[in-house]
Amino acid sequence: MCGQRRKVWGISVVTILGKIKKYPRCNPPVAHSTCCRSVTPSFSMAKELVNLQKNNTKSFISIFLIIMKIFTRLISVFLLVAIGSLFFFSCAEKEKCTPMVSFLETALQQAGENRVELEKVLSHYKTDPADSLKYKAACFLIENMPYYTYYKGKQLDRYLTYYTLLQETRGLGISPQVVADSVCHMYGALYLDSLQSYRDIETVDSAYLCNNIEWSFKVWQEQPWGKHVSFADFCEYLLPYRIGDETLTSWRESIYQKYNPLLDSLRASGVLDKEDPIVAARCLLDSIRKGGAVFTTAVPANLPHVGPEVVQQRAGSCRELTDFVIYVCRALGIPCAIDFMPIRGDENDSHQWVAFSDKYGILYYHEFPNGVSEVRKDAMCGMPKIKVYRNTFSLNRSMQEEMLKLDTAIVPLFKDPHIVDITFPYTKDFKKELQIPETALYKGKPRSRIAYLCASKRMDWEPVAWTEFDGKNIVFTDIQKGPVMRVATYERGRLRFWTDPFEINVSNEFHFFTPSDSVQDVTLFAKYTLRADEMFLNRMIGGTFEGSNEPDFREKEVLYLINEKPKRLQTVVQSYSSKPYRYVRYVGPKDSHCNIAEAAFYTPNDTTLLKGKVIGTPGCFQKDGSHEYTNVFDGDVTTSFDYIEPSGGWSGLDLGTPKQIGRIVYTPRSYDNYIRSGDEYELFYCVNKTGWFSLGIQLSGSDSLVYRKVPANVMFLLKNYSRGRQERIFVYEDGKQRWK
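Please read all numbers here as calculations on a predicted model, not as lab measurements.

A. Expanded view of the overall build of the chain. Scanning the chain for helices and strands turns up 17 helices and 35 strands. In the chain, buried positions account for 48% of the 740 residues. Long-range pairs, those at least 24 residues apart, make up 71% of the contacts in the chain with a sequence separation of at least 6. For the chain, the accessible surface area stands at approximately 37,900 Å², while carbon and sulfur atoms represent 53% of it.

Right, dumping it as structure tokens:
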């Protein structure tokens, strides 16, 4: 047996017994009997042979025990693998088959005592097969309820009177900012933490939810354009009972009764395509926008969404006006969404509007009270922006899961995100992938695996996009080029920057605003972009200053013709004429409504402006006396003349006696963002990861500021500590401020 190679479970017995002592064999080989006769074994050899036999027996027993031990272990491993596999696949199958149930059950578990109310709704629609879609709609709403909260309180009710006051003071010359400040002064500050908060999942009852579902299905199924609205779009853009965090109220029926008659002509029309949702939207909005609106950005801080009743005032910011349109359209079965940019690319504020799609899927947008426009054919595509998102009622669970895999600390915009990215259709200068050069990144090790692309907001930066970050590679997707951006991570409750501010030009080239060693002198005329003033500035081109010795100006002489846009608050020019005149005036060009803020006339070599009786054409566009011709000589650059008619307006002085006019100083109508004499300013520039560095405080002595030996290729920001709130980043190139 020792001479044979037998294998048990792949293990050689000879190998196991390889240490057994070998004994001499007959050489040459002979028969066994012959060998035994010729060799007589001694006693010691005989004893050793006996021991050998015993050892061999023990070895085979050891082998047997080893084999049994191996077999036992293999059986154990097999059983563990089998049980583990069974458990894994059963869990995986359960997870794959029941995600919708899990979302619904998770929501119901958070409902507490209100679970009974929500289950009433589910039971009501589950019993009848004809209500299968209504059951799915109920599931959709309940699954997403845990993420919604609303507020109540006396302080909130007081603040909501602001919107009523906006309408009541309309036409009285009282600015919305004054109204907002008055509300705050009268009632004190508003803080959401001081209000009572309620969760939808714990408070929405069965009657409210069923009423919302029934009315949603009613308008979806009865309106002719409903046939082009899918169930998925119905759930997101018709079914929701709320927009944001407004106080809950039943609104569908009352709004339907008020506005549905406006569409009777469309439904009866044999010409218009009444089955197209965009045709219905245009017909409706053309009717309701005739009443106009009070638009302002001066809305009290910390207000939640104001709700369907308050927005009927048609007053407030883009948020309130957008909410108004959403409530009305959804109540009439017209699907619509709220699209928004978190931060405009050239301003400090967010902006939102209403989005529609026609029956072919073409995207349209609407900013109340304007018209409805196709996005790709409108200036909206060229508006500076980095990202555009769409608000959804449902939670974007895929985005949430992807981000939570990378980090649990997430900036507010993307925490519990009820948004989807819709940047592409709103852009022209589009970049599918924006890869940040590794050489541009600051040195260091990030504590977060999420990188944010940030937009400028005064001295702060607002995250508007995100991507995975491994410390080296950063690639953002679907970005509009043009605006200034910066990369940061969100660590320990604040942004940690990884690049200098940069922009990307149309040739896809990066330009980083990294302080240069060279210096320059800068002359500043404004603290904020004058883009909103462009209309007023253009309205002065072609305007004339005239002199006459007759009060009706039958015979007159042109003292000066304005042939370019004003570039500063006060433009000083010399009179063409040396003749003396008793009557002097400014005449606005055609279609300008004679827009001008201030005018001043001086005799040669005199620093004292001439005074006289103010004369001109009465009547202002506002029809409330707030923008009359007398404003041109009141010494206040914040007031202006806005003639009631497009052409023919003028404002002037009766000097009493003829005077020679040496120079003329004029000020355009504006939003008061120019440098003002006597105001206190401070200029900053952005310095790497350390933030903003001050270049000093100055008290302005005129309508300009001069700072000397400041770094080149930097991002500036100018603050006015005396008045106003608007400020914006800019660069200084070719001797001019370039707003970013």
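Now that the structure is up, let's keep going.
B. How the structure looks around the packing of helix 7 (residues 154-168) against helix 8 (residues 176-187). Running from N to C, helix 7 and helix 8 point in directions that differ by 155 degrees, and their axes come no closer than 10 Å. The angle between the axes of helix 7 and helix 8 places the two elements in the roughly antiparallel class. Helix 8 is crossed by helix 7, and the crossing has right-handed handedness. Where helix 7 abuts helix 8, its residues Gln155, Arg158, Tyr159, Thr161, Tyr162, Leu165 and Leu166 lie against Pro176, Val179, Ala180, Val183, Cys184 and Tyr187. Considering only residue class, the contact of helix 7 with helix 8 consists of ten nonpolar, two polar and one charged.

C. Up close: empty space enclosed by the protein. Applying the stated criterion across every chain, the model contains two cavities of 30 Å³ or more. If you add up the space inside the largest cavity, you get close to 50 Å³. For the largest cavity, the full set of lining residues is Tyr208, Asn211, Asn212, Thr249, Ser250, Trp251 and Arg252. At three residues, the largest contribution of residues to the lining of the largest cavity is made by helix 10 (residues 206-222). Of the residues that constitute the lining of the largest cavity, the class distribution is two nonpolar, four polar and one charged. Here the lining of the second largest cavity is composed, by residue class, of six nonpolar, two polar and two charged.

D. Up close: the sheet that holds strand 28 (residues 650-660). Taken in spatial order, the five strands line up as 23-22-25-28-27 in an open sheet, and their pairing is antiparallel. Of all strands in the sheet, those bounded by a partner on one side alone are strand 23 (557-561) and strand 27 (613-616). Across the sheet, the axes of successive neighbouring strands diverge by a mean angle of 30 degrees, strand direction being ignored. Relative to strand 25 (residues 580-587), strand 22 (residues 544-548) runs antiparallel, the two sharing five bridges. Bridging from a neighbouring strand, Phe545 pairs with Tyr586 of strand 25.

E. A look at the pattern of salt bridges. The final tally for this structure, using the stated rule, is 38 salt bridges. Note that Arg725 is salt-bridged to Asp181, the shortest N-O span being 3.6 Å. A residue pair is termed long-range when its members are at least 10 positions apart, and Arg725 in the loop between strand 33 (716-720) and strand 34 (730-733) and Asp181 in helix 8 qualify at 544 residues. On the accessibility criterion, Arg725 (57% relative accessible area) is exposed.

F. Spotlight on a nonpolar patch on the surface. Together, Leu172, Ile174 and Val178 make up a nonpolar patch on the protein surface, roughly 260 Å² of accessible area in all. Mapping Leu172 onto the fold places it in the loop between helix 7 and helix 8.

G. View of helix 6 (residues 132-144). Given a rise of 1.5 Å per residue, 13 residues ought to cover 18 Å, and the 19 Å separating the end C-alpha atoms of helix 6 matches this to within 8%. Regarding helix 6, the residues found buried are Lys134, Ala137, Ala138, Cys139, Phe140, Leu141, Ile142, Glu143 and Asn144.

H. Quick look at the nonpolar core. Within the largest apolar cluster, 85 residues are counted, with the highest numbers of intra-cluster contacts made by Ile142, Leu209, Ile213, Leu284, Ile334 and Phe356. Counting residues in hydrophobic clusters, the runner-up holds 44 residues, among them Ile450, Cys454, Val464 and Leu717.

I. The arrangement of the packing of aromatic side chains in detail. Counting across every chain of the model gives 35 aromatic pairs. Here Tyr162 and Tyr163 contribute two aromatic rings whose centre-to-centre distance is 5.1 Å and whose plane-to-plane angle is 80 degrees, an arrangement assigned as edge-to-face. Measuring from centroid to centroid gives 5.5 Å for Phe469 and Trp498, while their planes differ by 75 degrees, and the two rings are edge-to-face. Of this pair, Phe469 sits in the loop between strand 15 (460-468) and strand 16 (475-480) while Trp498 sits in the loop between strand 18 (494-497) and strand 19 (502-504); the two residues are 29 residues apart in sequence, bridging distant segments of the chain.

J. Region of the structure containing the packing of helix 6 against helix 10. Packing of helix 6 against helix 10 leaves a shortest axis separation of 11 Å and a crossing angle of 125 degrees. Comparing the axis directions of helix 6 and helix 10 gives the class oblique. The crossing of helix 6 and helix 10 is right-handed. Between helix 6 and helix 10, the residues in contact are Leu133, Lys134, Ala137, Ala138, Leu141 and Ile142 and Leu209, Asn212, Ile213, Glu214, Phe217 and Trp220, respectively.

K. Spatial organisation of the environment of Lys405. Checked against the element boundaries, Lys405 lands in helix 16 (residues 397-406). Between the alpha carbons of Lys405 and Arg449 there is a distance of 9.1 Å; along the sequence they are 44 residues apart.

L. Expanded view of unusual backbone geometry. Each neighbour pair has its own omega, and for Phe368 with Pro369 the value is 10 degrees, a cis peptide bond. Positive phi is not limited to glycine here, since Asp416 has a value of about 50 degrees. Although it is not a glycine, Asn713 sits at a positive phi angle of roughly 55 degrees. Relative to the helices and strands, Asn713 is located in the loop between strand 32 (705-711) and strand 33.

M. Expanded view of the sheet that holds strand 7 (residues 337-341). Strand order in this open sheet of six strands is 10-9-8-7-11-12, and the pairing throughout is antiparallel. The two strands at the open ends of the sheet, each matched to only one other strand, are strand 10 (372-374) and strand 12 (419-421). For this sheet the average axis-to-axis angle between neighbouring strands, irrespective of direction, equals 35 degrees. Inspection of the sheet shows strand 9 (residues 363-366) paired to strand 10 by three bridges, in the antiparallel sense. Its bridge partner being in strand 10, Tyr364 is matched across the sheet by Glu374. Set on the sheet, helix 15 (residues 318-331) makes contact with strand 7, strand 8 (351-357) and strand 9; between it and strand 8 the angle comes to about 25 degrees.

Conventions and cut-offs
- Residues numbered from 1 in each chain as written.
- Predicted model: local features only at pLDDT ≥ 70, side-chain atom pairs only at ≥ 80, totals over all residues.
- Heavy atoms only, no water.
- Helix = DSSP H or I, 4+ residues; strand = E, 2+ residues; numbered from the N terminus.
- Buried < 20%, exposed > 50% of the residue type's maximum accessible area, 1.4 Å probe, protein only.
- Contact = heavy atoms within 4.5 Å.
- Areas by Shrake-Rupley, 256 points an atom, 1.4 Å probe, with all protein chains shown as cover.
- Axes fitted to C-alpha atoms, helices over the stretch in contact; angles between N-to-C directions.
- Parallel < 35°, antiparallel > 145°, perpendicular 65-115°, else oblique.
- Left-handed = near helix turned anticlockwise from the far one by under 90°.
- Nonpolar A, V, L, I, M, F, W, Y, C, P; charged D, E, K, R; others polar.
- 1 Å grid on protein atoms, 1.4 Å probe; cavity = no way out; pocket = protein on both sides within 12 Å on 5 of 7 lines; lining within 4 Å.
- Points joined across faces, edges and corners; volume = space filled by probe spheres on them.
- Pairing = 2+ DSSP bridges.
- Salt bridge = Lys/Arg side-chain N within 4 Å of Asp/Glu carboxyl O.
- Patch = residues over 30% accessible without salt bridge, like charges linked within 9 Å, V, L, I, M, F, W, Y side chains within 5 Å.
- Expected span 1.5 Å × (residues − 1).
- Core = buried A, V, L, I, M, F, W, Y, C linked by side-chain atoms within 4.5 Å.
- Phe/Tyr/Trp six-rings, centres within 6.5 Å; stacked < 30°, edge-to-face > 60°.

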